[in-house]
Amino acid sequence: MTTSSLSWLPTPTALNAGPEPAPDGEELTEEEHAGLQAAAAAGERAAAWVRELARRQPVEAHGRVLELTADAIEQTCTREIIPGNDNDLAAELRYRLDGGVLLGATNLETVPELTGGERIALAAVAALALAMPGTALTSYERELPHLAQVMDEAVAAGRAAQPSR
């Protein structure tokens, strides 16, 4: 695995305790545990960024939609990745992470106030969050760190696209 320029970022404390047993009772390998840690940490960082976008919204309803999206990102990058499980996401989670997040709250004539770069980054982060649980059926110890790195890069691009104040 290549070293990310974001490797200095903290990992979530809940995953630092050591390998957890897999559903079949076997302990996770170091590589598997590291993959889960990478996904959770990237999900937490991405969710924090989406919450920043939410706080910036002048229309409260759009901010609430982005808050729900941040929650869904965190959940799909942590609790929804279950090694050996089919990881079929609940419809509500899929709905919170689909392209509709770019439209914000329904029944409004406005959309969330985001720059073009932020919209693209938000769409990428949501798509990556949707993809992470599906890796548990294949080589998640290899795939999750890669998806986490790309998620971090999308967040960095979104932060760089933030409007100047």
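Residues numbered from 1 in each chain as written. Predicted model: local features only at pLDDT ≥ 70, side-chain atom pairs only at ≥ 80, totals over all residues. Heavy atoms only, no water.

### Concerning the side chain of Gln57
Tracing the backbone through its elements, the reader meets Gln57 in the loop between helix 1 (30–55) and helix 2 (60–76). When residues no more than four places from it in sequence are discounted, the contact partners of Gln57 are His62, Gly63, Leu66, Pro112, Glu113 and Leu114. (Helix = DSSP H or I, 4+ residues; strand = E, 2+ residues; numbered from the N terminus. Contact = heavy atoms within 4.5 Å.)

### Regarding the pattern of salt bridges
Applying the stated rule across the entire model yields eight salt bridges. Residue Arg64 is joined to Glu60 by a salt bridge in which the shortest nitrogen-to-oxygen separation is 3.2 Å. With a gap of four residues between them, Arg64 and Glu60 both fall in helix 2, about one helical turn apart. Judged by relative accessible area, Glu60 falls into the exposed class, the value being 60%. Through salt bridges with shared partners, a single network forms among Arg51, Glu67, Asp71 and Glu74. (Salt bridge = Lys/Arg side-chain N within 4 Å of Asp/Glu carboxyl O. Buried < 20%, exposed > 50% of the residue type's maximum accessible area, 1.4 Å probe, protein only.)

### Here we look at helix 2
Taking 1.5 Å of rise per residue, 17 residues should cover 24 Å, and helix 2 covers 24 Å from first to last C-alpha, within 8% of that figure. All of the buried residues in helix 2 are Ala61, His62, Gly63, Val65, Leu66, Thr69, Ala70, Ala72, Ile73 and Thr76. Contact partners of the buried residues in helix 2: helix 1, helix 3 (91–96) and helix 4 (116–131). (Expected span 1.5 Å × (residues − 1).)

### A few points about the packing of helix 1 against helix 2
It is the contact of helix 1 with helix 2, at a shortest axis distance of 8 Å, that shows an interaxial angle of 180°. In terms of orientation, helix 1 and helix 2 fall into the roughly antiparallel class. Listed contacts from helix 2 to Gly43, Glu44, Ala46, Ala47, Val50, Arg51, Leu53 and Ala54 of helix 1 are Gly63, Leu66, Glu67, Thr69, Ala70, Asp71, Ile73 and Glu74. Classifying every residue of the contact of helix 1 with helix 2 gives eight nonpolar, three polar and five charged. (Axes fitted to C-alpha atoms, helices over the stretch in contact; angles between N-to-C directions. Parallel < 35°, antiparallel > 145°, perpendicular 65-115°, else oblique. Nonpolar A, V, L, I, M, F, W, Y, C, P; charged D, E, K, R; others polar.)

### Things to note about helix 4
The terminal C-alpha atoms of helix 4, which comprises 16 residues, lie 23 Å apart, in line with the 22 Å expected from a rise of 1.5 Å per residue. All of the buried residues in helix 4 are Glu118, Ala121, Leu122, Val125, Ala126, Leu128 and Ala129. Each buried residue of helix 4 sits inside an arc of 165° when the element is viewed along its axis, so together they form one side. Residues of helix 4 that are buried in the fold lie against helix 1, helix 2 and helix 5 (140–160). (Arc of directions from axis to C-beta.)

The values are spatial; any link to function lies outside them.
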